[in-house]
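Results of the structural survey
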Amino acid sequence: MAPKRSRATSNAESNATGAGGPPPPDDESSSSEQSPPPAEDAEPGTPSAPPSVGPAMDEEDDGEELIGEDMHADYRPMGALDEYEADGIDENEYDDLDHEARAAADAELRARDQRERPSRIPAALLTPEDEDEEERPRRRRREEPEPGDDSGATLEDILGEEDSGINLEDYQGSLGDWIQTPAVREEIKRRFRNFLIHFDPEASDEAESSTKYSMIVRKMCTSNRESLPVSYMHLSKEVPILAIWVADAPNAMLELLDVAAMDVVRIMFPEYEKIQPNIHVRITDLPIQDSIRDLRQVHMGCLVKVSGVVTRRSGVFPQLKVCKYNCGSCGYVLGPFTVQGMEPKMAGTQCPSCQNKGPYSLNTEQTIYCNYQQLTLQESPSSVPAGRLPRQKSVVLTWDLIDMVKPGEEIEVTGTYATSFDAALNRKSGFPVFATVIEANHVMKKEDADLQALTDQDRLEIHRLSKNPQIRKKIIDSIAPSIFGHLDIKTSIALSLFGGQAKDINGKHRIRGDINVLLLGDPGTAKSQFLKYVQKVSPRAVYTTGQGASAVGLTAAVHRDSATREWVLEGGALVLADKGVCLIDEFDKMNDSDRTSIHEAMEQQTISIAKAGIKAQLPARCAVIAAANPVKGRYDSSVSFHDNVDLSEPILSRFDCVCVVKDEMDPIADERLAEFVVRSHKRSHPEAVADDEVQQQEDLRDAGKYIDQALLRKYIMYARTFVRPVLRDVDVGKITQVYTELRRESQSGGVSVAVRHIESIIRMAEASARMHLRDQVRQDDVDLAISVMLRSVINSQKYAVKRSMEI
């Protein structure tokens, strides 16, 4: 059948044919768009023929009429126009193809189509599954997108973007005004889209971060989340100007990056906007970290990174982001108004519809809210300078960052350091003063940050150390290497740092895995030094003293919130040390009532509160390492253990291991101790030079004997996180026999042995298995636990009983 032609063209052709004129020109549009020129040989004064009303003039009002009396003229055969070009047509005859030849031809055609047809998704965003799917034959889609569907246009815009030629670095005036320029905004979004699509971390110098952003986007969308983490180091390497501006003007830049990230998400998941209407870019790995007490005026409006302990967390409230108002006179909807800080005041605003000035009411249906929560972040105890009080700062969490952390957890916050108007503060000070807050962009727990800081080289070194059969001895020797002797204390502390495996029986009954240790002994035996060492090496530790601690300071306090005037809980030392170690020095100086308040925390590892209408249970999953002095100042071996210590039996039974330290006179041991102390002082001097050959040999010997403290800290953190030993194939009869004999011998004046000490043996055996990174407890682990328990009971006995038990 001949190809269909327009009616205007066919009419012109029929008129020309009927007049016997030449065939019409090839340009079909000329007859429909141009009127015939007037005759040049017309005599003057002869009236010209009236202009004919053609189809072009009809189309101006009603369009072209396709159905009429002469509509069949559109399908008249035209020999010159109905012939197709012969170029590219193969008229040769071929034989039938066999199966193999046909398959080879189809494969070649598919390969050609794959090369010539552009993919829907950029190659940088494709996964192996997507590549297989792209190779499958698809039905031919319409070239024009569906009405209301802009995914195709967005993809075309993103893939076909070209450099606009704008030099972002060349600007004058303020950075905020330059970023708000329309052309600059589009260029920023274009560069960030290209960064997400094309940047490959494997090609960068950072070997420990090799996940492509396409996989990060896919993982985010699979989990239906709205936060896209972007490494600041990656951004600074690929697009340095954007990284600098994110640090200097985070609010304006993050708004543009969020829009660009949403454009990239639409490529992979066109309907994802129905699940999460907004995507939020979270800046991670900010290289500079500031202390809370070092934040000053120069940090205002900039991106900062601080760390601390969460001491208080408010409830979740809705915060206005974009609001609209209803006019009370005519019902006209005013807005939208973007809310930055306080709600906009509508008093005195004239309504565009009725010209009245109110009253106005908030349109709750069309107003956009976001989740809002406020934290109080306090400096970590280990980072507070000596003699100073810890400072704190308010942190604002929005969107999906709420409820990510709990009181007691140590976190790292990356956000904008901003001002917040506080009328009460102005009235109190008498002159304009603004409170400061940190508007969080990214929040990460410190333990998660430490785990992410573990490189592949660190993991290889940790596993290499675990293969050493003497790793347990090396770990014990590396505990407080600056303290001479006290092998039993170092063993107990090492077991407590690694800890046992907690058991949660059907979510109803929980058995703790943390190991509590009590150091009791004479003054000058380095008890406090051991506690200070644990504070430095433990991934999470809180240090306090019995004289300066109260029951409220150790457990939890209830007070009124300054913003909402509601009663809120604030965790104490045991809550802040959750999943860590709580160190209590001068344990014997605590009041009996304060000491009784930690009974629940030491065994059930919870703190129950019933005050001011608040009934709650706070987690206190931490090990307690306490140091105490005897009643008479020095330990007297001629009397029983209970006469030497002013501690009640219930709290003593909650310690898995009691280490009694005695300052006994021994000429040989005293000489070695004096040499060790002198050598330690010489080596620790800031201007010390190892010029002595003997000292150099000793340093080489010590280097192979001890584990580096930074590596030891990573080893402990790795073992507590990834190793969960199981108690199997152990000599149960041996544990039973030891328990019965120790219980019988404890009646003669030593530490009382209870059923809890059976669990203590199991916990210490699991901690020994963790030192070797083993998933199963062996008999040698049980033997070590039994030896520690025996030493704890024997050293607490009277001198005569102790001698008889040692024999």
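About the cut-offs
Residues numbered from 1 in each chain as written. Predicted model: local features only at pLDDT ≥ 70, side-chain atom pairs only at ≥ 80, totals over all residues. Heavy atoms only, no water. Helix = DSSP H or I, 4+ residues; strand = E, 2+ residues; numbered from the N terminus. Buried < 20%, exposed > 50% of the residue type's maximum accessible area, 1.4 Å probe, protein only. Areas by Shrake-Rupley, 256 points an atom, 1.4 Å probe, with all protein chains shown as cover. Pairing = 2+ DSSP bridges. Phe/Tyr/Trp six-rings, centres within 6.5 Å; stacked < 30°, edge-to-face > 60°. Patch = residues over 30% accessible without salt bridge, like charges linked within 9 Å, V, L, I, M, F, W, Y side chains within 5 Å. Salt bridge = Lys/Arg side-chain N within 4 Å of Asp/Glu carboxyl O. Axes fitted to C-alpha atoms, helices over the stretch in contact; angles between N-to-C directions. Parallel < 35°, antiparallel > 145°, perpendicular 65-115°, else oblique. Left-handed = near helix turned anticlockwise from the far one by under 90°. Contact = heavy atoms within 4.5 Å. Nonpolar A, V, L, I, M, F, W, Y, C, P; charged D, E, K, R; others polar. Expected span 1.5 Å × (residues − 1). Arc of directions from axis to C-beta.

With that settled, consider the overall build of the chain. Along the backbone of the chain there are 32 helices and 23 strands. Taking all 807 residues of the chain together, 41% fall into the buried category. Carbon and sulfur atoms make up 51% of the accessible area of the chain, which totals about 46,000 Å².

What follows concerns the pairing of strand β4 (residues 317-327). Consecutive side chains of a regular strand alternate in pointing toward one face of the sheet and then the other. Across five bridges, the pairing between β4 and strand β7 (residues 368-378) is antiparallel. Bridging across to β7, F317 finds its partner in Y372. Both β4 and strand β5 (residues 333-338) contribute to a ladder of four bridges, which runs antiparallel. The residue of β5 that forms the bridge with V322 is T338. Linkage of β4 to β5, two consecutive antiparallel strands, is achieved through a turn of five residues, within which G331 is found at a positive phi near 80°. Both β4 and strand β6 (residues 360-362) contribute to a ladder of three bridges, which runs antiparallel. By the bridge assignment for β6, N326 is matched with S361.

Turning to the packing of aromatic side chains, a few remarks are in order. Within the structure shown, the criterion is met by six aromatic pairs. Ring centres 6.1 Å apart and planes at 75° place the aromatic pair F498 and Y715 in the edge-to-face group. Here F498, found in helix α18 (residues 487-498), pairs with Y715, found in helix α28 (residues 709-722); they are 217 residues apart in sequence, far enough to count as distant. In terms of burial, F498 and Y715 fall into one category: buried.

This brings us to a nonpolar patch on the surface. Together, F484, L673 and V677 make up a nonpolar patch on the protein surface, roughly 220 Å² of accessible area in all. Following the sequence through the fold, F484 ends up in the loop between α17 (471-478) and α18. Residue F484 is classed as partly exposed on the basis of its relative accessible area, which comes to 32%.

Let's shift gears to the packing of α18 against helix α19 (residues 527-537). Contact geometry for α18 and α19: axes closest at 12 Å, N-to-C directions at 30°. Relative to α19, the element α18 lies roughly parallel. The chirality of how α18 crosses α19 is right-handed. Facing I489, K490, I493 and L497 of α18, the residues of α19 in contact are F530, V534 and V537. Residues of the contact of α18 with α19, tallied by class, amount to six nonpolar, no polar and one charged.

The next point concerns the sheet that holds strand β17 (residues 581-585). Spatially, β14-β17-β20-β13-β21 is the arrangement adopted by the five strands of the open sheet, whose pairing is parallel. Sheet topology places β14 (541-545) and β21 (657-661) at the edges, where each strand pairs with a single neighbour. Between one strand axis and the next, the sheet turns by 15° as a mean value, whatever way the strands run. Alignment of strand β13 (residues 517-521) against strand β20 (residues 623-628), held across four bridges, turns out to be parallel. Considered in β20, the bridge of L520 is made with A628. Strands in contact with α18 are β13, β17, β20 and β21; relative to β21, the strand with the most contacts, it is inclined by about 155°. Most of the contacts of α19 go to β17, to which it runs at about 155°, and overall it touches β13, β14, β17 and β20.

Turning our eyes to something else, we now look at the packing of α18 against α28. α28 packs onto α18 with a crossing angle of 50° between their chain directions and a minimal axis gap of 9 Å. Overall, the two elements α18 and α28 adopt an arrangement that is oblique. Here α18 contributes S496, L497 and F498 to the contact with α28, which in turn contributes Y715, I716, A719 and R720.

For the rest of this paragraph, the subject is the side chain of R293. When you line up the elements, R293 lands in the loop between β2 (280-284) and β3 (303-313). The buried category is assigned to R293, whose relative accessible area is 10%. For R293, the contacting residues outside a window of four places in its chain are E379, V384, P385, R388, L389, P390 and R391.

For helix α29 (residues 732-745), spanning 14 residues, the distance from its first C-alpha to its last is 20 Å, which sits close to the expected 20 Å at 1.5 Å a residue. Inspection of α29 places I735, V738, Y739 and L742 among the buried residues, and these make up the whole buried set. Across the axial projection of α29, the buried residues extend over an arc of 100°, all falling on one side. The inward-facing, buried residues of α29 abut α30 (756-771) and α31 (779-795).

What follows is about the pairing of strand β10 (residues 435-445). In terms of strand pairing, strand β8 (residues 392-398) meets β10 through three bridges, oriented parallel. Paired with V395 across the bridge in β10 is I438. Two elements, strand β9 (residues 410-420) and β10, share 10 bridges in a ladder whose sense is antiparallel. Looking at β10, one finds that Y417 is bridged to I438.

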